[in-house]
Amino acid sequence: MDDNPIGIIATGSYLPATVVDNDEVGAAAGVTAEWIERKTGIRRRHRAAAHEATSDLAAHAARQALAQAGLEADQIAYVVVATSTPDHPQPATAAIVTDLIGARRAAAFDVNSVCSGFMFALTAAERMLRGEPVSAGQGPYALVIGADVYSRILNPADRKTAILFGDGAGAVVLGPVPAATGGITTSLTTRGDQARLISVPAGGSRRPASADTLAEGAHWFTMDGRGVRGFVHDNLPGAVRTLLAKADVPARAVRHFVPHQANGVMLAEVWPTLGLDSARMHLALALHGNTGAASVPITLDLAHCRGLFTEGDLTVLSAFGGGMSVGSALLRWAPTRHARPTRIPRHTTVPTAPLPEPALAGAS
């Protein structure tokens, strides 16, 4: 057992105030609200205001997590932001976030593994904290944030993408936890041979922005929906099995599964193949759609603030995204502000009702 385990000690999330329902999105994409919900399970999504960038959403979620942890921003050693919609090509969005929240002592950097980014960022931050000296009540601590503003890169007329995505941010604080909890195990893979399935073709060094790329619409987010669905079905079950084997944990011991909120219909299809029959799958996408790298930490925050995690619960987080990448993590839930005390026995089921919303614009 790890003598100084690192775990999640607080969560936070943020959604912009503007709500966009299926009628509005469907009208531009040429489909009905009923068709969108039947195909995806999504009823609405949130959209960043004109003055809001990814760093603004990330900072809101970070402040929520810090307040829950009872920490000041200058106690944070690392700020890692997972995003594929950064404020600028440079500097890193994480650097801007440190300024917005006052994390003056933190080293900061971005991670771009598209919708899997939060899992890659979580792994990096946890590994870095392991190398820091541990002091009771003094950390070390890291902020891991997933944030995306996909509304800025979507073609409203593309029904394959425009109906799915919303804007939002989720955050966790990592830090030392009791020896019987925490202990994050992760499994990460990237299939670069499948990178064509999800892309923004222009705007980088291979195809710099020009009048021609703008006229071509090459700056829009593109996705081969059928190919992505096949990738998830082919790779997610194996990724979960690999993770559990790495941790030497039987599937029946897992109590919670928090997946990337990509498409509710797709998740319902793949769920029976994961072997997590004793776990509860947490879904919140009906309320906010696919928020990219933010979807796992947003959903995690909703479940945590609702008091659905019990101290010691084995929890699997898993995401998949462009690259094509898959990232999964297993952790034993630590004592937190909203965690329930350990109680045995526990019975868990897959919920059918959506979780409540994260904090909205202007919320404290």
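So, here is what we can say about the structure in this document.

## Observations regarding the packing of aromatic side chains
- Counted under the stated rule, the structure contains five aromatic pairs.
- A ring pair is formed by Tyr150 and Phe165, whose centres lie 4.6 Å apart and whose planes are at 20°; its orientation type is stacked. One end of the pair, Tyr150, is in the loop between β6 (142-149) and β7 (167-176); the other, Phe165, is in the loop between β6 and β7, with 15 residues separating them in the sequence. Of the two residues, Tyr150 and Phe165, both sit in the buried class.
- Ring centres of Phe309 and Trp333 lie 4.3 Å apart, and the angle between their planes is 25°; this geometry places the pair in the stacked category. Of this pair, Phe309 sits in the loop between α10 (295-305) and β13 (314-321) while Trp333 sits in the segment after β14 (325-332); the two residues are 24 residues apart in sequence, bridging distant segments of the chain.
- Residue classification places Phe309 among the buried residues on the basis of a relative accessible area of 0%.

## Structural notes on the packing of helix α3 (residues 54-69) against helix α4 (residues 93-101)
- Direction vectors running N to C along α3 and α4 enclose 55°, while the axes themselves pass 9 Å from each other. Classified by the angle their axes make, α3 and α4 are oblique. α4 is crossed by α3, and the crossing has right-handed handedness. For the pair α3 and α4, the contacting residues are Thr54, Ser55, Asp56, Ala58, Ala59, Ala62, Arg63 and Leu66 in the first and Thr93, Ile96, Val97, Leu100 and Ile101 in the second.

## Overview of the sheet that holds β7
- Taken in spatial order, the five strands of this open sheet run β1-β7-β6-β4-β5, and their pairing is mixed. Two strands bound the open sheet, and with one partner strand each, they are β1 (6-14) and β5 (107-111). The sheet shows a mean angle of 20° between the axes of neighbouring strands, direction not considered.
- α3 rests against β1, β6 and β7 of the sheet, and its axis sits at about 125° to β1.

## Re α4
- Listing the buried residues of α4 in full gives Thr93, Ala94, Val97, Thr98 and Ile101. Each buried residue of α4 sits inside an arc of 145° when the element is viewed along its axis, so together they form one side.
- With its phi angle positive at about 80°, Gly102 sits one or two positions after the end of α4.

## Comments concerning the pairing of β7
- Judged by how many residues are buried, β7 sits mostly within the fold: nine of ten residues are covered.
- In this sheet, β7 lies alongside β1 in antiparallel orientation, the contact comprising eight bridges. Across the sheet, Ser13 pairs through a bridge with Gly170, a residue of β7.
- Direction of pairing for β6 relative to β7: antiparallel, over a ladder of eight bridges. Within the sheet, the bridge partner assigned to Leu143 lies in β7 and is Val173.

Reading guide: rules and limits
Residues numbered from 1 in each chain as written. Predicted model: local features only at pLDDT ≥ 70, side-chain atom pairs only at ≥ 80, totals over all residues. Heavy atoms only, no water. Phe/Tyr/Trp six-rings, centres within 6.5 Å; stacked < 30°, edge-to-face > 60°. Helix = DSSP H or I, 4+ residues; strand = E, 2+ residues; numbered from the N terminus. Buried < 20%, exposed > 50% of the residue type's maximum accessible area, 1.4 Å probe, protein only. Axes fitted to C-alpha atoms, helices over the stretch in contact; angles between N-to-C directions. Parallel < 35°, antiparallel > 145°, perpendicular 65-115°, else oblique. Left-handed = near helix turned anticlockwise from the far one by under 90°. Contact = heavy atoms within 4.5 Å. Pairing = 2+ DSSP bridges. Arc of directions from axis to C-beta.

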